[in-house]
Amino acid sequence: GLRVVLTLALFVISYLGLPIFESVQRGQGFWQIGADGIGYHEAALRILDAWRLGFDLPSTFHYGLDEYQLFRNFGLVVAIFYRLLGPVLLDGLLLNAWVGAVAVVPAYGFVRRLADRKGARLAAGLIGFWPSSVIWSTQLLKDPWAALAIVTLFACLAVVWQGASAGRTLASRAGAWIGCVLSVAALTFFRNYMGYI
């Protein structure tokens, strides 16, 4: 709820150009704190045009001084989402708010497997309400997706680590290994250096 309210408030302030934090507004719902979001939005629109018109895109897209790699970057995820619901920036922002909030679930599960319920609640609270996590999830950025992949990787690693000693079935351990692989693949997609690590 906090992320949705903050997302809506920041979007409306920037979209209408209200006199609140004017120096960091980029207009049209964008903010300087999430300036890459403009590039991802524009890249997604170009990808949608290519899909609609049936032509190939160049491998990169330049927006200002930044370079976005089409079909290998967050713009592709945004384009897929826009293809499903229409190219509305606010929908993408609300999806990011939801993804940022969902990261609480594997964080709770990870710590719950290794500690007690109190520790798990503390971890979930920190992931859910950490100021930078909340702010980044209100913008059209890949950070909430990378955070979700990280905590999911940790949760899957906890299952793998406990293994048979915790009474885990072969199917749950295999599922955890698959979860680890998918999480690392997602990390590599969203933040390639983190996947490599």
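About the criteria used
- Residues numbered from 1 in each chain as written.
- Predicted model: local features only at pLDDT ≥ 70, side-chain atom pairs only at ≥ 80, totals over all residues.
- Heavy atoms only, no water.
- Phe/Tyr/Trp six-rings, centres within 6.5 Å; stacked < 30°, edge-to-face > 60°.
- Helix = DSSP H or I, 4+ residues; strand = E, 2+ residues; numbered from the N terminus.
- Buried < 20%, exposed > 50% of the residue type's maximum accessible area, 1.4 Å probe, protein only.
- Expected span 1.5 Å × (residues − 1).
- Contact = heavy atoms within 4.5 Å.
- Axes fitted to C-alpha atoms, helices over the stretch in contact; angles between N-to-C directions.
- Parallel < 35°, antiparallel > 145°, perpendicular 65-115°, else oblique.
- Nonpolar A, V, L, I, M, F, W, Y, C, P; charged D, E, K, R; others polar.
- Salt bridge = Lys/Arg side-chain N within 4 Å of Asp/Glu carboxyl O.

## Remarks on the packing of aromatic side chains
- Using the criterion set out here, one finds 7 aromatic pairs in the structure.
- When the centroid spacing of 5.3 Å and the interplanar angle of 20 degrees are considered together, the rings of F11 and Y15 count as stacked. One end of the pair, F11, and the other, Y15, are both in helix α1 (residues 2-16), 4 residues apart, so they sit about a helical turn from each other.
- A residue is classified by how much of its surface remains accessible, and Y15, at 52% relative accessible area, is exposed.
- Through successive ring pairs, a cluster of aromatic residues spans Y40, F74, W145, F189 and F190.

## Comments concerning helix α2 (residues 36-53)
- Along its 18 residues, α2 runs 26 Å from first to last C-alpha, staying within 8% of the 26 Å computed at 1.5 Å per residue.
- Turning to α2, its buried residues are G37, I38, G39, Y40, H41, A43, A44, I47, L48 and A50.
- Positioned one or two residues after α2, G54 has a phi angle of 75 degrees, which is positive.

## A short note on the environment of G92
- By secondary structure assignment, the location of G92 is in helix α4 (residues 89-102).
- Distance in space between the C-alpha atoms of G92 and I33 is 16 Å, their sequence separation being 59 residues.
- Once residues lying within four places of it in the same chain are set aside, the contact partners of G92 are F81 and L140.

## Some points on the side chain of Q162
- Counting through the fold element by element, Q162 comes out in helix α8 (residues 143-162).
- Filtering out sequence-adjacent residues up to four positions away, Q162 remains in contact with R113, L114 and R168.

## A look at unusual backbone geometry
- The phi torsion at F21 lies on the positive side, around 50 degrees, for a residue other than glycine.
- Given a relative accessible area of 62%, F21 falls into the exposed group.
- One non-glycine residue, Q28, lies in positive phi territory at about 60 degrees.

## A few points about the packing of α4 against helix α5 (residues 104-114)
- At their nearest, the axes of α4 and α5 sit 5 Å apart, and the two run at 10 degrees to each other. Classified by the angle their axes make, α4 and α5 are roughly parallel. Contacts from G100, A101 and V102 in α4 reach V104, V105 and P106 in α5.
- Of the residues belonging to the contact of α4 with α5, the class tally is 5 nonpolar, 1 polar and no charged.

## Some details on the pattern of salt bridges
- If you walk through the whole model with that rule in mind, you get 2 salt bridges.
- Put simply, D49 and R52 hold a salt bridge, and the shortest N to O gap is 2.9 Å. Taken as a pair, D49 and R52 lie in helix α2 at a separation of 3 residues, close to a single helical turn.
- Exposure remark for R52: the relative accessible area of 60% places this residue in the exposed category.
- Note that R191 and D143 form a salt bridge whose closest N and O atoms lie 2.8 Å from each other. Residue R191 is located in the loop between α9 (170-190) and α10 (192-196), and its partner D143 is located in helix α8; the two are separated by 48 residues in the primary sequence.

It is worth stressing that arrangement in space is one thing and function is another; only the former is reported here.
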